[in-house]
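Residues per chain, in single letters:
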Amino acid sequence: MAGARQLLQTSSAAHCVVVVVDVLSFSTSTSIAVNRGAAVFPYRWHSRGQQLAAYAQRQNAVPAVGRLEARRPDAPHDAFSLSPARLAQLPGLPARIVLPSPNGATISVWCAGHADEVYAGCLRNAGALGGLLGKRLHEEPQLSVAVIAAGEQWPDGALRPAVEDLWGAGAIIAAIGAPRADVSYEARAAADAFLNVRPELRTALPACGSGIELAQRGFEDDVRYAAELDADGLVPQLFNGAFRSHVGPNIIAE
Ligand SMILES: O=C(O)[C@H](CS(=O)(=O)O)OP(=O)(O)O
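Anyway, here's the lowdown on the structure attached to this text. (Residues numbered from 1 in each chain as written. Predicted model: local features only at pLDDT ≥ 70, side-chain atom pairs only at ≥ 80, totals over all residues. Heavy atoms only, no water.)

**What to know about the overall build of the chain**
Reasoning step 1: Tallying secondary structure elements over the chain gives 12 helices and 11 strands in all.
Reasoning step 2: What you see for the chain is a C-alpha radius of gyration of 17 Å, in line with the 18 Å of a compact globule of 254 residues.
Reasoning step 3: Along the longest, intermediate and shortest principal axes, the C-alpha atoms of the chain span 55 × 40 × 35 Å.
Reasoning step 4: Taking all 254 residues of the chain together, 50% fall into the buried category.
Reasoning step 5: Considering only intrachain contacts with a sequence separation of at least 6, the fraction spanning at least 24 residues in the chain is 71%.
Reasoning step 6: Carbon and sulfur atoms make up 53% of the accessible area of the chain, which amounts to about 11900 Å² in all. (Helix = DSSP H or I, 4+ residues; strand = E, 2+ residues; numbered from the N terminus. Rg over C-alpha atoms; globule rule 2.2 N^0.38 Å. Buried < 20%, exposed > 50% of the residue type's maximum accessible area, 1.4 Å probe, protein only. Contact = heavy atoms within 4.5 Å. Areas by Shrake-Rupley, 256 points an atom, 1.4 Å probe, with all protein chains shown as cover.)

Below, the structure is given as structure tokens:
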């Protein structure tokens, strides 16, 4: 989060596009939900409970419950959580959902007030999002694109860099296909890291720190969904508080 803040505050670009990459799990969950037709309202993790319920009501949306709660036998059959597998497997999703998360959602909410355009990026939509941004950069060379690897948190709240977000960011940067000279060294390093892991992505993701952590909590399916490179064709863009499908220049699906 500190990195995102500094990056945007020091950016002198006339038009700043931000991609928030949180592969496990917010961006992946958002991509799946948006590709299934839902609008996803990101919500700050620390203000859940009553505030979350009130916010969801104001947005005429349904709030997510906790990952474990959604799986309890007494949970409503349509309960969903930050779990990508749950969002993919539910027979139907509400049209408007609120998704709190400590990293991806919290960063997205902050970026909404500081960037001109905000997208949720992950391995599932890397090709579609990279293609879209590559086209935009070709048409508007003055555009600046910042791809933010959200990372995770240590128990004391300090930033824990997460390799899956480096890979996700790199997948998008590689798909943008900008001339190498126009790409920062940090972005090139991310793209190189992705290209290096790409042949073994489906085994590498479950074996990285966050993948192991989720599997230990019983959510190995979430990691499997997150590793499906280029499975989603629609790109989630933040518009009026919610991620919705970007369907063309300045047009967002409602
Ligand atoms: O989905 C996740 O894994 C995390 C939640 S937690 O930190 O594991 O409890 O959220 P995210 O913001 O997507 O990293």
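**Describing the state of the cysteines**
Where two cysteines share a covalent bond between their sulfur atoms, that bond is called a disulfide.
Reasoning step 1: Summed over the entire model, instances satisfying the criterion amount to zero disulfides.
Reasoning step 2: Cys 16 carries a free sulfur, and the closest cysteine sulfur to it, the one in Cys 111, is 8.6 Å from it.
Reasoning step 3: Judged by its relative accessible area of 0%, Cys 111 is buried. (Disulfide = S-S within 2.5 Å.)

**Concerning the pairing of strand β5 (residues 117–121)**
In the case of a regular strand, side chains alternate between the two sheet surfaces.
Reasoning step 1: The element β5 is largely enclosed, with a buried count of five among its five residues.
Reasoning step 2: Residue alternation in β5 divides its side chains into two sets, Glu 117, Tyr 119 and Gly 121 and Val 118 and Ala 120, and both sets are buried.
Reasoning step 3: Two elements, strand β1 (residues 16–21) and β5, share five bridges in a ladder whose sense is parallel. From the neighbouring strand, Val 18 faces β5, where its bridge partner is Val 118. (Pairing = 2+ DSSP bridges.)

**Describing unusual backbone geometry**
Reasoning step 1: A cis amide bond links Leu 24 with the next residue in sequence, Ser 25, at an omega value of 20°.
Reasoning step 2: In this structure, Asn 60 is a non-glycine residue whose phi angle is positive, near 55°.
Reasoning step 3: On the secondary structure map, Asn 60 appears in the loop between α3 (50–58) and β3 (62–63).
Reasoning step 4: One non-glycine residue with positive phi stands out, namely Asn 240, at about 50°.
Reasoning step 5: By the element assignment, Asn 240 lies in the loop between β9 (235–239) and β10 (242–248).

**Thoughts on the packing of helix α8 (residues 163–176) against helix α9 (residues 185–197)**
Reasoning step 1: Put simply, α8 and α9 touch, their axes get as near as 7 Å, and they point 100° apart. Between α8 and α9, the angle is such that the two are roughly perpendicular. For the pair formed by α8 and α9, the contact residues are Leu 166, Trp 167, Gly 170, Ala 171, Ile 173 and Ala 174 on the first element and Ala 187, Ala 190, Ala 191, Ala 193, Phe 194, Leu 195 and Val 197 on the second.
Reasoning step 2: Taken together, the residues that form the contact of α8 with α9 break down as 12 nonpolar, one polar and no charged. (Axes fitted to C-alpha atoms, helices over the stretch in contact; angles between N-to-C directions. Parallel < 35°, antiparallel > 145°, perpendicular 65-115°, else oblique. Nonpolar A, V, L, I, M, F, W, Y, C, P; charged D, E, K, R; others polar.)

**Regarding the packing of aromatic side chains**
Reasoning step 1: Using the criterion set out here, one finds three aromatic pairs in the structure.
Reasoning step 2: We note Arg 71 situated over the ring of Phe 219; from NZ or CZ to the ring centre the distance is 4.4 Å.
Reasoning step 3: For the cation-ring pair, Arg 188 lies above Tyr 185, with the distance from its terminal atom to the ring centre recorded as 4.3 Å. (Phe/Tyr/Trp six-rings, centres within 6.5 Å; stacked < 30°, edge-to-face > 60°. Lys NZ or Arg CZ within 6 Å of the ring centre and 35° of its normal.)

**Remarks on the site of the ligand**
Reasoning step 1: Taken together, Asp 22, Leu 24, Ser 25, Phe 26, Arg 67, Leu 82, Ser 101, Pro 102, Asn 103, Gly 104, Glu 152 and Arg 217 make up all the residues around the ligand.
Reasoning step 2: Taking Gly 104, its main chain carries an N or O atom lying 3.1 Å from an oxygen atom of the ligand.
Reasoning step 3: The protein chains hide 86% of the 360 Å² of surface that the ligand would expose on its own.
Reasoning step 4: Split into classes, the residues belonging to the shell around the ligand amount to four nonpolar, four polar and four charged. (Near = heavy atom within 4 Å. Polar contact = N/O pair within 3.5 Å; in protein donor to acceptor, adjacent residues only side chain to side chain.)

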